[in-house]
There are 2 protein chains.
Amino acid sequence: MTARVLVPWSDISVPAELDAVVWDGRGAPPDGLDDVEFYVLPYDQGPAAAKLIPHLPSLRAVQTLSAGYDNLLPLVPSGVRLANGRGLHDLSVAEHALALILAAQRYFPRWFAQQRTGSWDRVHTRSLADCRVLLVGYGSIGRAIERYLEAGEAEVVRVASAARPGVHGIAELPDLLPTADIVLLVLPDNPRTRGLFGAAELALLPDTALVVNVGRGTAVDTDALTAEVSAGRLRAALDVVDLEPLPADHPLWTLDGAIITPHIAGGSDSFYPRAKRLAERQLAHYAKGEPLENLVN
Amino acid sequence: MTARVLVPWSDISVPAELDAVVWDGRGAPPDGLDDVEFYVLPYDQGPAAAKLIPHLPSLRAVQTLSAGYDNLLPLVPSGVRLANGRGLHDLSVAEHALALILAAQRYFPRWFAQQRTGSWDRVHTRSLADCRVLLVGYGSIGRAIERYLEAGEAEVVRVASAARPGVHGIAELPDLLPTADIVLLVLPDNPRTRGLFGAAELALLPDTALVVNVGRGTAVDTDALTAEVSAGRLRAALDVVDLEPLPADHPLWTLDGAIITPHIAGGSDSFYPRAKRLAERQLAHYAKGEPLENLVN
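Residues numbered from 1 in each chain as written. Chains lettered and ligands numbered in written order. Predicted model: local features only at pLDDT ≥ 70, side-chain atom pairs only at ≥ 80, totals over all residues. Heavy atoms only, no water.

Cut-off, in case you're wondering: UniProt positions are given in the numbering used here, feature names are shortened, and annotations may be inferred rather than shown by experiment.
Named according to an unreviewed UniProt entry, chain A is Phosphoglycerate dehydrogenase-like enzyme originating from Amycolatopsis echigonensis. According to its UniProt record, chain A has this under Sequence similarities (unreviewed entry): "Belongs to the D-isomer specific 2-hydroxyacid dehydrogenase family."

### Side note on the overall build of chain A
Rules: Note on conventions: DSSP H or I runs of at least 4 residues are helices, E runs of at least 2 residues are strands, and numbering of each starts at the N terminus. Here's how the labels work: a residue is buried when its accessible area is under 20% of the maximum for its type, exposed when over 50%, partly exposed in between, all with a 1.4 Å probe on protein chains only. In what follows, residue pairs with any heavy atoms lying within 4.5 Å of each other are defined as contacts. Each accessible area is a Shrake-Rupley estimate made with a 1.4 Å probe; only the visible protein chains count as cover when residues are assessed.
The secondary structure content of chain A amounts to eight helices and twelve strands. Taken along its principal axes, the extent of the C-alpha atoms in chain A is 70 × 50 × 35 Å. With 297 residues in all, chain A has 55% of them scored as buried. For chain A, restricting intrachain contacts to residue pairs at least 6 apart in sequence, the fraction spanning at least 24 positions comes to 54%. Total accessible area on chain A is roughly 12,300 Å²; 51% of this is exposed by carbon and sulfur atoms.

### Quick word on the nonpolar core
Put simply, the rule reads: Among buried residues, those of type Ala, Val, Leu, Ile, Met, Phe, Trp, Tyr and Cys that are joined through side-chain atoms within 4.5 Å constitute a nonpolar core.
Grouped together as the largest cluster of nonpolar side chains are 74 residues, with contacts concentrated most on Phe108(A), Leu128(A), Leu184(A), Phe108(B), Leu128(B) and Leu184(B). Residues contacting Phe108(A), with those up to four places away along its chain left out, are Leu102(A), Ala103(A), His96(B), Ala99(B), Leu100(B), Ala103(B), Phe112(B), Ile259(B) and Thr261(B).

### Thoughts on the pairing of strand 6 (residues 132-136) of chain B
Residue and element names in this part refer to chain B. Formally: Only when DSSP finds a minimum of two bridges between them are two strands counted as paired. We call a crossover right-handed when, viewed with both strands directed away from the observer, the connection leading from the first strand over the helix to the second proceeds clockwise.
Within strand 6, four of the five residues are buried, which leaves it mostly tucked inside the rest of the structure. Sheet topology note: the strand 6/strand 7 (residues 155-160) ladder contains five bridges and is parallel. Following the sheet pairing, Arg132 is matched in strand 7 by Glu155. In this view, the connection linking strand 6 to its parallel neighbour strand 7 by way of helix 4 (residues 140-151) has right-handed handedness.

### Here we look at the relation of the copies chain A and chain B
The line we're drawing: Least-squares superposition aligns the copies on the C-alpha atoms of those residues with pLDDT at or above 70 in both.
The transform that puts chain A on chain B rotates by 180° and translates by 0.0 Å along the axis, for an RMSD of 0.1 Å. Expressed as a symmetry operation, the mapping of one chain copy onto the other fits a two-fold axis. Take the interface residues of chain A: 100% of them recur as interface residues in chain B, which is what a same-surface contact looks like.

### Considerations on the UniProt feature "domain: D-isomer specific 2-hydroxyacid dehydrogenase NAD-binding" (unreviewed entry) in chain A
Here, UniProt's "domain: D-isomer specific 2-hydroxyacid dehydrogenase NAD-binding" (unreviewed entry) annotation points to residues 98-265 of chain A. For the annotated span residues 98-265 of chain A, helix accounts for 29% and strand for 17% of the residues, and the straight-line distance between the end C-alpha atoms is 10 Å.

### Focus: the side chain of Gln105(B)
Residues and elements named next belong to chain B. Stated formally: Under this definition, polar contacts are N or O atom pairs within 3.5 Å; protein pairs additionally need one hydrogen-donor-capable and one acceptor-capable atom, and for neighbouring residues in sequence, both atoms have to be side-chain atoms.
Turning to its location among the elements, Gln105 is positioned in helix 2 (residues 90-105). The class for Gln105 is buried, based on a relative accessible area of 2%. A polar contact of 2.8 Å, which involves the side chain of Gln105, links it to the backbone oxygen of Ser127. Not counting residues up to four positions away in its chain, the partners in contact with Gln105 are Thr125, Arg126, Ser127, Leu128, Cys131, Ile182, Leu210 and Arg235.

### As for helix 3 (residues 108-117) of chain B
Formally: This arc corresponds to the set of directions leading from the helix axis out to the C-beta atoms.
Along helix 3 of chain B, the positions that sit buried rather than exposed are Phe108(B), Trp111(B), Phe112(B), Gln114(B) and Gln115(B). Projected down its long axis, helix 3 of chain B shows its buried positions confined to an angular sector of 160°, all on one face. Buried positions along helix 3 of chain B lie against helix 2 (90-105), helix 3 (108-117) and strand 12 (258-260) of chain A together with helix 2 of chain B. With its phi angle positive at about 65°, Gly118(B) sits one or two positions after the end of helix 3 of chain B.

### Some points on the pattern of salt bridges
All names here are of chain A. The following threshold applies: A pairing counts as a salt bridge when a side-chain nitrogen of Lys or Arg comes within 4 Å of a carboxyl oxygen of Asp or Glu.
Summed over all chains, the structure comprises 26 salt bridges over all chains. Between Asp19 and Arg4 there is a salt bridge; the shortest N-O distance is 2.8 Å. Taken together, the residues Asp19 in strand 2 (residues 18-22) and Arg4 in strand 1 (residues 3-7) connect sequence positions 15 residues apart. For Asp189, the salt bridge identified is with Arg194, shortest N-O distance 2.9 Å. By relative accessible area, which is 46% here, Arg194 ends up partly exposed. Taken together, the shared-partner salt bridges connect Arg4, Asp19 and Asp35 into one network.

### A closer look at the environment of Asp175(A)
Within the element layout of this structure, Asp175(A) appears in helix 5 (residues 173-176). The sequence separation of Asp175(A) and Val212(A) amounts to 37 residues, and the corresponding C-alpha distance is 19 Å.

### Notes on the sheet that holds strand 6 (residues 132-136) of chain A
All names here are of chain A. This is how the line gets drawn: Here, axes are lines fitted to C-alpha atoms. For helices the fit covers the stretch in contact, and angles between N-to-C directions go from 0 to 180 degrees.
Taken in spatial order, the seven strands line up as 8-7-6-9-10-11-12 in an open sheet, and their pairing is parallel. Two strands close off the open sheet at either side, each with one partner strand: strand 8 (168-169) and strand 12. Bridging between strand 11 (residues 235-238) and strand 12 involves three bridges; their strand directions are parallel. The residue of strand 12 that forms the bridge with Leu238 is Ile260. On top of the sheet, helix 7 (residues 222-230) reaches strand 10 (210-213), strand 11 and strand 12; it is set at about 130° to strand 11, its chief contact.

### Some details on the UniProt feature "domain: D-isomer specific 2-hydroxyacid dehydrogenase catalytic" (unreviewed entry) in chain A
The positions that UniProt labels "domain: D-isomer specific 2-hydroxyacid dehydrogenase catalytic" (unreviewed entry) are, in the present scheme, residues 47-297 of chain A. Here residues 47-297 of chain A is 31% helix and 14% strand, with 21 Å between the C-alpha atoms at its ends.

### What about the interface of chain A and chain B?
Condition: Buried area: the sum, over both parts, of the accessible surface (1.4 Å probe) that disappears when the two are put together.
The partner chain B presents 60 residues to the 60 residues of chain A that form the contact. On the chain A side of the interface with chain B, the three residues burying the most area are Arg106(A), Gln115(A) and Trp120(A), jointly 16% of the side's total. Where chain A packs against chain B, one counts six salt bridges. For Arg274(A), the salt bridge goes to Glu153(B), with nearest N and O atoms at 2.9 Å. At the boundary of chain A and chain B, one finds 36 residue pairs in polar contact (both at pLDDT 80 or more). Of all elements in the fold, only helix 2, helix 3, helix 4 (140-151), strand 12 and helix 8 (271-288) of chain A reach the threshold of two or more residues within the side of chain A that touches chain B.

Here it is in structure tokens:
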């Protein structure tokens, strides 16, 4: 008795007991999906992938490759298990966080501008080593970033929503902010994080501190940050902002002390091998009747 | 009996037995240097610092803050000890090497170009994780870089002039080059490294491999590399080239697949605290009559 599974890639290992149909999320879904029991959603291909869920009458399990799954819960029928992609993006986000920090500390905007004019003008730069980095948000992405920061001899100060041994609580931020060279935000969007870094909190940072955000844009008041960077008092390196896409005429784009990337920290090559390995493990679990990993319902 | 020392900074600890005179290398040296016994050269301030050496009649020891010292040997009188700055730049160079790699892998030239036009155009990028990195030159800088690369889950293949356990020899490069995603050169300039990466060696690299150089520019044939990058076959991220400064009209400056910084990997803030700590240790050794560290003669 062969069970049918719907997966987004043709180049993964599928247990012999399973019959795989491939759909990468582009174009219309294939025919013959009435007996699909396990559905691995295509990643980052728009809403069609999720909309297919209620149209699979034999469905027993859904695997999303994103960490977030709130948008899927209303679509998953009662009795169907849902597993998420927790951890798949950690390394990609950590890597991009470090790329943003190093680009700012090692003056890459200056070098790229000089490259356009062929100018070999040398100056000494800041560094990451010896910097005191407030790592605000200490989950699995925060821990991946910390390994990089420690390799680079930065001093890491961990901050999370609640204090625990070795980790400061968010309530301590007013005491911690004045001591930071770099503030690195890795926060999800929720009522407690929204607007956490407003004008008052940013004002507590020392002159020329660097604000980096690879979590969700809503944690920072963009107008307040723009004002501080525009005044030359703070620097910023942002993969997320509270209004995305950032409008083309927003003043933040062209400020000297700002580096902006368009919310791409999680989407790099390092994601796919990890996503495929998770899908392979989950299909093997399913074929053997074992519990799935990363269940969220 | 107080011995006089000449140092480039006023904010370091000097043993009570020593009388410090400060000269930062700018402007003319101060008067009253006839009894200077220990001279810490100002860093990266031009040739005047070295030229002073033969004019210090009481000199017994010289500390340079550079790793290289060949230019000083002819100036140091017989019987005067010379210590170098081995290791002081390691972390700064390692950090910049990583900055170059991440800027290339995570498409920073694209993001910086989009920033100038206010474009929020998202694409998935390469990553450093899972890449196979040939680390060519495995001294103290290479080891510092390796810590970063391992934190980022890259696969490091060590290559040095001579094979030893865990390290490939340069003679194995023809077998190793076809397997590399990234080649990271951290080689000194000497007859064995000069021209090591010519057209034939570069041709062995797979399509779209990234060539990074933070050692000395002479290890790579710039014309051959320019041809490969110009053809879109290889990518390059270079802090050094074989002709410095790179002429303003050199085609490498404007190639899509090239990132160029003007030989600044070693000169960042992380250098100075380490240089000052070395100077303080050496002055303490001198005051106690102990042997100096990093002696090269």
